[in-house]
Number of protein chains: 2
Amino acid sequence: MTTEFTTHLTEAVVDSIEGTSDPRLRELLAALTRHLHAFVRETEPTMAEWERAVGFLTATGQTCTDTRQEFVLLSDVLGVSMLVETVNSDGREGVTESTVLGPFHMTESPARELGANIDLVGGGEPCVVSGRVLARDGSPLPGAVLDVWQANAEGYYDVQQPDVQPPGNGRGLFTADSEGRFRFRTCVPSPYPIPTDGPVGDLLRAMGRHPYRPAHIHFIASADGHTPVTTHIFVAGSEYLDSDAVFAVKESLVQDFTETDDPSLAREFGIPNPFRHARFDLVLNPVRS
Amino acid sequence: MTTEFTTHLTEAVVDSIEGTSDPRLRELLAALTRHLHAFVRETEPTMAEWERAVGFLTATGQTCTDTRQEFVLLSDVLGVSMLVETVNSDGREGVTESTVLGPFHMTESPARELGANIDLVGGGEPCVVSGRVLARDGSPLPGAVLDVWQANAEGYYDVQQPDVQPPGNGRGLFTADSEGRFRFRTCVPSPYPIPTDGPVGDLLRAMGRHPYRPAHIHFIASADGHTPVTTHIFVAGSEYLDSDAVFAVKESLVQDFTETDDPSLAREFGIPNPFRHARFDLVLNPVRS
């Protein structure tokens, strides 16, 4: 039942926000109030439903630790993280598209030489990743920096398996050469589930959704005078490309990890021939002035 | 920047909710997604703002304990609790209006005889509260039950001061007499601040808002065959009636606590004459069939 009181109530709350000294916070809180109230007016939750929501949010906060962020996960599975990422992206034609940072960029990637192997453990399917960092006009960006991180072949990041993986496994900080080129060796990543032992896992089960992300490697590419891009490269043909639990797949980010027969390149990387090879360029925008 | 991707994203999330087996949960989650996404598209939060929001929600969850519910407080100060309460209220003319339950109905009120004193400590301004519980047609409701709770004259509930107040101070469960009448003695309640030592307190300060609630006594009135009402009676003339931190004041719930010169009533209640006296009826709706 929507009465005159409820309309008046929304305006009373928005009025009470008027005194917020930070104008941007004022704008955000007023918009949040209007949208939250519109949601309540549309759905008319019962008191029991409201209590259940309060309980869910409380449990979500209490599941967070130094190495676990359940509210990020909640934002991810409702597509909010991807939406925030996208409204902040440059979005100009011809530039590498962005996608979510995700919760595992929590430790510094160790600086490595071009061509180094970021798979410190082995056991997965070996592959080479190479390409160039370019400006939008196609000119190379020498000295561009690539921050790379990925899960191992079993789908776990180093920080999730401190007893199994050495710190920095699957991670590397690379500096592109004088022609903007980068290359490194790793193992082909696997799909993996986001953590499901908390409230967000319960929510996914209630929705009948699986928790998997398609196989991907994370990148942050940056270069002087250019806007950095935070993105993934997804492995073409990976399971879950069409149902990523966090909605982060963009067509342009799916790349072939091609079965390659190239004995000289194999020798260069110390890798058995044939091997998988992903080749792509990362394209950055000049900073807007 | 709103791209085709962001519109498609919202629909992809809503589609992913289609498999929710509980139809009401499906409806709530789909509406939540649409409203949340609309909020993000309208305000375009930066990544830093998104991180601050995640941090705020996490801190709010982690402030909750067995005796502290910071998410209820957040819902309260944004007017959401009052809105949910109101969309659930019967709202028919002539019936006592509802207001929020609040966070302090967390312990059972002790059954007391009509006329008993719920102020077990003393020290406040003594008053008598009396009236009738009626059906909407004006007929009395004998045996109606009144659950009553209030803060003491310093603005604290018993559960907030376990070292100072005995359990059940300010609380009573009364059964109306054969003519639907109720009466009890107490002290005039005071305005009090909601807790401000957590994230919601920080938010109130950022908004330049005070944390006070006007003086009130809580009631839940119930009777066979009638819809119970959860409400407050506010003390006319109390400070903050026009700026309740949780937006719970409704005109019809403000009652005079009249200075009264009535030696015989004073004797009946064992109270010094003159005294304050609040008189009002609580009117319930028959259960809809």
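All figures in this text were calculated on a predicted structure; none of them were measured in a lab.

Rules used throughout
- Residues numbered from 1 in each chain as written.
- Chains lettered and ligands numbered in written order.
- Predicted model: local features only at pLDDT ≥ 70, side-chain atom pairs only at ≥ 80, totals over all residues.
- Heavy atoms only, no water.
- Helix = DSSP H or I, 4+ residues; strand = E, 2+ residues; numbered from the N terminus.
- Least-squares fit on C-alpha atoms with pLDDT ≥ 70 in both.
- Contact = heavy atoms within 4.5 Å.
- Salt bridge = Lys/Arg side-chain N within 4 Å of Asp/Glu carboxyl O.
- Buried < 20%, exposed > 50% of the residue type's maximum accessible area, 1.4 Å probe, protein only.

Got a sec to walk through unusual backbone geometry? Specific residues and values, please.
Each neighbour pair has its own omega, and for Asn 273 of chain A with Pro 274 of chain A the value is -5 degrees, a cis peptide bond. With respect to the helices, strands and loops of the structure, Pro 274 of chain A is situated in the loop between helix 7 (263–269) and strand 12 (275–279). Even without glycine at this site, Glu 44 of chain A takes up a positive phi of about 45 degrees. Structurally, Glu 44 of chain A can be placed in the loop between helix 2 (23–43) and helix 3 (47–63). Phi is positive for Tyr 240 of chain B, close to 75 degrees, though the residue is something other than glycine. Following the sequence through the fold, Tyr 240 of chain B ends up in the loop between strand 9 (229–235) and strand 10 (254–255).

Could you give an account of the relation of the copies chain A and chain B, naming the residues involved and the relevant values?
Of the transformation superimposing chain A on chain B, the axial component is 0.0 Å and the angular component is 180 degrees, with the fit at an RMSD of 0.0 Å. Such a combination of turn and shift is consistent with a two-fold rotation axis. Every residue of chain A has its C-alpha some distance from the rotation axis, and the shortest such distance is that of Gly 61 of chain A, at 2.0 Å. A symmetric contact is evident, with 100% of the interface residues of chain A recurring at the interface of chain B.

Explain the pattern of salt bridges residue by residue, including any values.
Tallied over the full model, the rule gives 28 salt bridges over all chains. Salt-bridge contacts for Arg 24 of chain B lead to Glu 27 of chain B; the nearest nitrogen and oxygen are separated by 3.3 Å. Residue Arg 24 of chain B and its partner Glu 27 of chain B are both found in helix 2 (residues 23–43); the two are separated by three residues, about one turn of the helix. What makes Arg 24 of chain B partly exposed here is its relative accessible area of 22%. Note that Arg 276 of chain B and Glu 125 of chain B form a salt bridge whose closest N and O atoms lie 3.0 Å from each other. With Arg 276 of chain B in strand 12 (residues 275–279) and Glu 125 of chain B in the loop between helix 5 (80–88) and strand 1 (126–135), this residue pair connects regions lying 151 residues apart in the sequence. Given the relative accessible area of 38%, Glu 125 of chain B is considered partly exposed. Through salt bridges with shared partners, one network takes in Asp 177, Glu 179, Arg 181, Arg 183 and Glu 268 of chain A.

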